[in-house]
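Here is how the chains run, residue by residue.
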Amino acid sequence: MSLTILQLPQDVLLELAKHLNVGDLLSFLSTCRAIRELRLERSLWLETLIRIREVELQPLPLSTAETLDTLSRDELQKVVHRAHGLKNNWESEKPRIIGMHSLSVTSQSEIFCIPGAHIVVTHGWGSMSCWDILTSQRVGDLEFPELIVHAEALSMEMNGKSLIGACFQLHGLIKNLVVICVDFRDRAHISMSYVVSPAAKDTLQFPSGFFIDPQIMGFLADSKLVTWRLDADAAIQTTPYHGVLTGAQCLPIGRSIYALSRGSARSEGKLQVIPHPATDRQSTVISVSPSPCEIYESIKVPYPAHWRTWTLWDPYVFAPQYGIFAVICRSFSSVQDEELAFIHFRPARMVHGELEFSQSCVYRHGEAISDVAVGVSGTYVLLRINPANATPYLGLVHFNATPVPHTTFRRLEVEDTLVFSCVQIAFDEQQGLVLLVDNVGEMTVLSYA
Amino acid sequence: MVLLVTSDNEQFQTEKDIVERSVLIKNMLEDVGESDQPIPLPNVSSSVLKKVTQPSTGPTEIDVRGRYLSTASTTVESPSRPPILEQSQDETRKRTTDISEWDQKFITVDQEMLFEIILAANYLDIKSLLCRRWLQDGSQHDQGARPPEEIRKLFNIVNDFTPEEEAQIKKENEWAEDR
């Protein structure tokens, strides 16, 4: 008698099911009753989610307040469906808006999302506010006349807290460093607290490249590396630093701080590796990575004389958990209304505590870009495209490492007036949220999951 | 060398390090100590044992439509490696980059043999013989989803859902369907 799949013991079937990609798994579970029983196994969903994150390199639609260990089988199953649905939606020809609502936020100059948490931070000179997107409520405020929040200095802790780096700054000089903690472990009582450093003794000019991790925050200032141990009693430390980097972004990984400069329209950026002061307090030597210029090797941008305007965004840098180290965006316009924009994806992975880079992948767009928001993985970039002779619209660029590194571009169909009137965009890749804020502080939340 | 006896009474002289990929046999050998006694495998036929004990330095895979994949290639990995879900990312990446090379090493078996091998691997507790891509047909549709009807056809599964259950499943999978 012939052996069929249903004669396999349940534990073998379960093992087989765990090896399917999500789409096949959901189909497999829908073939018959006996196989459908497998869905009652919590381990099936748990391992599928780990696989999505670790193998398919897709961030899960969860905040750090929710850990896989604590979720029930039902919740895990829902996360699988949501993650898979979102991925399919982003990758379809015409991504669909699943939900849309709006809320009034105070008209501040910048916004960013706390990834996965349905929390958005709005900030401007002297103030910062947190908003719960699910309830449309403001959940916290900070107001200090000299406060400047640095969106790039955002650290997600694994238990539902986010640390945001900020400073008190007057006439271009940093006076104090500030760390703001947003605690969203309890959704009903999201709270904000802050710690201010002692006053800086040195003159700290031209700050750039703010970074933060759970132990330390810091930045680069005019030939100094400035660090502070997130303690109200710990003095701000400065270390001489010899590379002057324009528009640098810093990222602490392991025992090093990776500083990637944006370069100029004519020149390429540079990557420098600086010893992490917390692990190597004595070192004042700046070590340069083996091939500091290579970071831009494939992004040589010709700079013809007739380019009239250009925008160079500071690079976005990532601990390459999802295969991307840096995303670099540049946009040019010429007097003849020629336009060209570049989104550079720089893939890398961690090998024995060191970054190992692979070939860059560049997306070229024939229209000018006015705003950029990059998701938490670095593989999705939301663009507000602003051609000289057409209405602005939103686009999404996705970097995909398999089968060969390539990018795809999708236009997001969003009402013209929304895109036209928006002055700020933000993006939560994990939850599939696109946020648009207009100049009177009306924020529209578009959900793609 | 270890002497194995299959369900159809065939005897196999097999290298010790190959049979020790099976946790079951390894434990048996440890229990009996050094001995020339044959080890009976009443649940494994000779044709299946041949497949399972094929010398291989890498992970062995079974895939689709009963194709059986063995990688006697350069990647030397521990035979008792954990299933894919516990693998480090590095290994996984290596695996994906190696796929084209692996594809060439498919050995075709029919579906019944596929299940026999899966059962034997389960019985013998050979972790390296987990069939990771048993539903994928090679490299092409690895990302996409096969509709349930296609899977039913492939494995002769009879749809025994009531229309109500079907509607419920459809609703549940709504998020996941291609749009």
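Going by the annotation in an unreviewed UniProt entry, the name recorded for chain B is E3 ubiquitin ligase complex SCF subunit, with Mycena sanguinolenta given as the source organism. Checking UniProt for chain B, the heading Function (unreviewed entry) contains the comment "Essential component of the SCF (SKP1-CUL1-F-box protein) E3 ubiquitin ligase complexes, which mediate the ubiquitination and subsequent proteasomal degradation of target proteins." Regarding chain B, the UniProt comment filed under Sequence similarities (unreviewed entry) reads as follows: "Belongs to the SKP1 family."

For chain A, the name recorded in an unreviewed UniProt entry is F-box domain-containing protein, with Mycena sanguinolenta as its organism.

Draft legend 1. Structural detail: the overall build of chain A. When its secondary structure is counted, chain A shows 6 helices and 29 strands. Its C-alpha atoms give chain A a radius of gyration of 23 Å, near enough to 22 Å, the size a compact globule of 449 residues would have. Considered along the principal axes of its C-alpha atoms, chain A spans approximately 85 × 55 × 50 Å. Taking all 449 residues of chain A together, 57% fall into the buried category. For chain A, restricting intrachain contacts to residue pairs at least 6 apart in sequence, the fraction spanning at least 24 positions comes to 51%. The positive charge centre, built from 35 side chains, and the negative charge centre, built from 47, are 2 Å apart in chain A.

Draft legend 2. Broad picture of empty space enclosed by the protein. Residue and element names in this part refer to chain B. Enumeration over the complete set of coordinates arrives at 4 cavities of 30 Å³ or more. As for the largest cavity, its lining consists of I18, V19, R21, S22, I25, L49, V52, T53, L124 and I126. Of all the elements in the fold, those that place two or more residues in the lining of the largest cavity are helix 1 (16–19) and helix 3 (46–52). Residue composition of the lining of the largest cavity, by class: 7 nonpolar, 2 polar and 1 charged.

Draft legend 3. Focus on the sheet that holds strand 1 (residues 99–104) of chain A. All names here are of chain A. One open sheet accounts for 4 strands, arranged 1-29-28-27; its pairing is antiparallel. On the outer flanks of this sheet lie strand 1 and strand 27 (422–428), each paired with one strand and no other. Neighbouring strand axes in the sheet, compared pairwise and without regard to direction, differ in orientation by 20° on average. Both strand 27 and strand 28 (residues 433–438) contribute to a ladder of 6 bridges, which runs antiparallel. Bridging across to strand 28, Q424 finds its partner in V437.

Reading the values: rules and limits
- Residues numbered from 1 in each chain as written.
- Chains lettered and ligands numbered in written order.
- Predicted model: local features only at pLDDT ≥ 70, side-chain atom pairs only at ≥ 80, totals over all residues.
- Heavy atoms only, no water.
- UniProt positions renumbered as here; feature names shortened; annotations may be inferred.
- Helix = DSSP H or I, 4+ residues; strand = E, 2+ residues; numbered from the N terminus.
- Rg over C-alpha atoms; globule rule 2.2 N^0.38 Å.
- Buried < 20%, exposed > 50% of the residue type's maximum accessible area, 1.4 Å probe, protein only.
- Contact = heavy atoms within 4.5 Å.
- Lys, Arg positive; Asp, Glu negative; His and termini not counted.
- Charge placed at Lys NZ, Arg CZ, Asp CG, Glu CD.
- 1 Å grid on protein atoms, 1.4 Å probe; cavity = no way out; pocket = protein on both sides within 12 Å on 5 of 7 lines; lining within 4 Å.
- Points joined across faces, edges and corners; volume = space filled by probe spheres on them.
- Nonpolar A, V, L, I, M, F, W, Y, C, P; charged D, E, K, R; others polar.
- Pairing = 2+ DSSP bridges.
- Axes fitted to C-alpha atoms, helices over the stretch in contact; angles between N-to-C directions.

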